[in-house]
Amino acid sequence: MLRQQDVGHRIVVRRIVGIREGRPQFSDALGELVELSETHLTLATAQGPLRVPVAQVHRAKRVPPTRRPTASAVVALERAADEAWPAPTRGRLGDWLLRSAEGWTGRANSALPIGDPDRPLAAAVDAVERWYAERGQPALINTPLPLAAPVGAELDTRGWGTRPPTLVQTAPLPLPASTPAGGQADGWSSAVVELARAPSDEWLAIAAGRKGGLPDAARHVLTAVDQVRFAHVYAEGTLVAVGRGTVTGQGRWLGLSLIEVLPAARRQGLARRVIHELAGWGVSGGATHAFLQVEQRNTAAVALYQRLGLVTHHTYLTRVAPN
């Protein structure tokens, strides 16, 4: 059977899907193992996320990867993502990054354990715990998989918890043209996406509503990037859709974040329009690839990004120290 060390690796699962004439019927699923608990396992498959109760698993094993990115490619993308979401308070343990932003978002308030921490692994985790304790914050560590699988194994022995898996998705630029599901034309095709160097007050209000407030550190995270644009879409004087784009990673990576459409304006193609406008800006600035981070359980967003040509580059788990 599978173990925590298999999280982040490609596996095949044979599961029981029914009984016919007293005999079990099986179905096979192939994908990346992104979560393993006592009751369920979750795969990221080509058709989308698949959650399988352990009781239905007949057999499961790790299989060789197909086009897994190299360790250096994962490190480069994680560094670019860190540049695109810069925490105002930072520290280092060798190559590891320590980040704090008044608790605003997990990404800006977690350690990133890539590279050599310049000390034994157990001592490095001890140092992470002390660093966050000194700031009165819970210790968080983002573990890109399978690159940081050894770190994850150490955290397992200490009883650290796990937040839902996050997919780091990428696509070459320019993005392909897309149409809404079902082939319908955009309902708001006349809506104009405006790009600004700074977010409006209304833009910040939407971000605050999505992220649970907006401390001073959040404004630093959002704006302290040399190349950044904030997308605004207005309808009858009301801001109905927003998004944020950055260019980092030595100019290669367009980072997409905070793509949000107000409930009354959803299913009108506005999220696609925001993404395409930001992608066009990124291409004009020399970016060759786009990336974004999305929770694996956000199936609606994952489906949208899949239609735009984004595929999972790697996954990460946010690990939480026990109280």
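Preceding this paragraph is the structure being described.
Below, the structure is looked at part by part. Treat the numbers as computed from the prediction; the structure is a model and nothing was measured.

So, on to the overall build of the chain. Secondary structure summary: the chain contains seven helices and 16 strands in total. Against the compact-globule benchmark of 20 Å for 323 residues, the chain has a radius of gyration of 21 Å, which places it among compact chains. By the burial criterion, 48% of the 323 residues in the chain qualify as buried. The long-range fraction of contacts in the chain, counting pairs at least 24 apart against all pairs at least 6 apart in sequence, stands at 67%. About 15,500 Å² of surface is accessible on the chain, with carbon and sulfur atoms providing 49% of the total. Here the chain contributes 36 positively and 28 negatively charged side chains, and the mean placements of these two sets differ by 7 Å.

So, about the pattern of salt bridges. It is possible for side chains of opposite charge to pair when their charged atoms get near one another. In the structure shown here, the tally under the stated rule is 11 salt bridges. The shortest N-O distance in the salt bridge between Asp 28 and Arg 14 comes to 2.8 Å. With Asp 28 in strand β2 (residues 23–36) and Arg 14 in strand β1 (residues 10–20), this residue pair connects regions lying 14 residues apart in the sequence. Note on Asp 28: relative accessible area 45%, which makes it partly exposed. Among the salt bridges present, the one from Arg 266 reaches Glu 260, with a minimum N-O distance of 3.3 Å. By relative accessible area, Arg 266 is classed as partly exposed at 42%. Residues joined in a network through salt bridges with shared partners are Asp 126, Glu 129, Glu 154 and Arg 158.

Residues Val 233, Leu 254, Leu 270, Val 274, Ile 275 and Tyr 305 are the most contacted members of the largest nonpolar core, which totals 33 residues. Contributing elements (two or more residues each) for this core: β10 (166–172), β12 (228–235), β13 (238–248), β14 (253–261), α6 (270–284), β15 (289–295) and α7 (299–307). Counting residues per element, this core draws most heavily on α6, which supplies seven residues. If you look at the next biggest cluster of nonpolar residues, it comprises 19 residues, including Trp 85, Ala 207, Phe 230 and Leu 258.

Geometrically, a pair of aromatic rings is defined through the distance of the ring centres and the angle of the planes. The tally for this structure, following the rule as stated, stands at four aromatic pairs. Relative to Tyr 132, the ring of Trp 131 has its centre 4.8 Å away and its plane inclined at 80°; by these criteria the two rings are edge-to-face. A relative accessible area of 0% means that Tyr 132 is categorised as buried. Where Trp 253 meets Phe 291, the ring centres are 6.1 Å apart and the plane angle is 80°; that geometry is what we call edge-to-face. Here the residue Trp 253 occupies a position in strand β14, and Phe 291 occupies one in strand β15, the gap between them amounting to 38 residues. For the pair shown, Trp 253 and Phe 291 are each scored as buried. Residue placement shows Arg 107 over the ring face of Trp 85; its charged tip is 4.2 Å from the ring centre. Taking NZ or CZ as reference, Arg 135 lies 3.8 Å from the ring centre of Trp 131, over its face.

So, about helix α5 (residues 216–223). Residues of α5 that are buried: Ala 217, Ala 218, Val 221 and Leu 222. Within α5, the buried residues cover an arc of 140° as seen down the axis, which keeps them to one side. Elements that come into contact with the buried residues of α5 comprise α1 (71–84), α4 (201–211), β12, β13 and β14.

Reading the values: the criteria
Residues numbered from 1 in each chain as written. Predicted model: local features only at pLDDT ≥ 70, side-chain atom pairs only at ≥ 80, totals over all residues. Heavy atoms only, no water. Helix = DSSP H or I, 4+ residues; strand = E, 2+ residues; numbered from the N terminus. Rg over C-alpha atoms; globule rule 2.2 N^0.38 Å. Buried < 20%, exposed > 50% of the residue type's maximum accessible area, 1.4 Å probe, protein only. Contact = heavy atoms within 4.5 Å. Areas by Shrake-Rupley, 256 points an atom, 1.4 Å probe, with all protein chains shown as cover. Lys, Arg positive; Asp, Glu negative; His and termini not counted. Charge placed at Lys NZ, Arg CZ, Asp CG, Glu CD. Salt bridge = Lys/Arg side-chain N within 4 Å of Asp/Glu carboxyl O. Core = buried A, V, L, I, M, F, W, Y, C linked by side-chain atoms within 4.5 Å. Phe/Tyr/Trp six-rings, centres within 6.5 Å; stacked < 30°, edge-to-face > 60°. Lys NZ or Arg CZ within 6 Å of the ring centre and 35° of its normal. Arc of directions from axis to C-beta.

The values reported here are purely geometric and, on their own, carry no functional implication.
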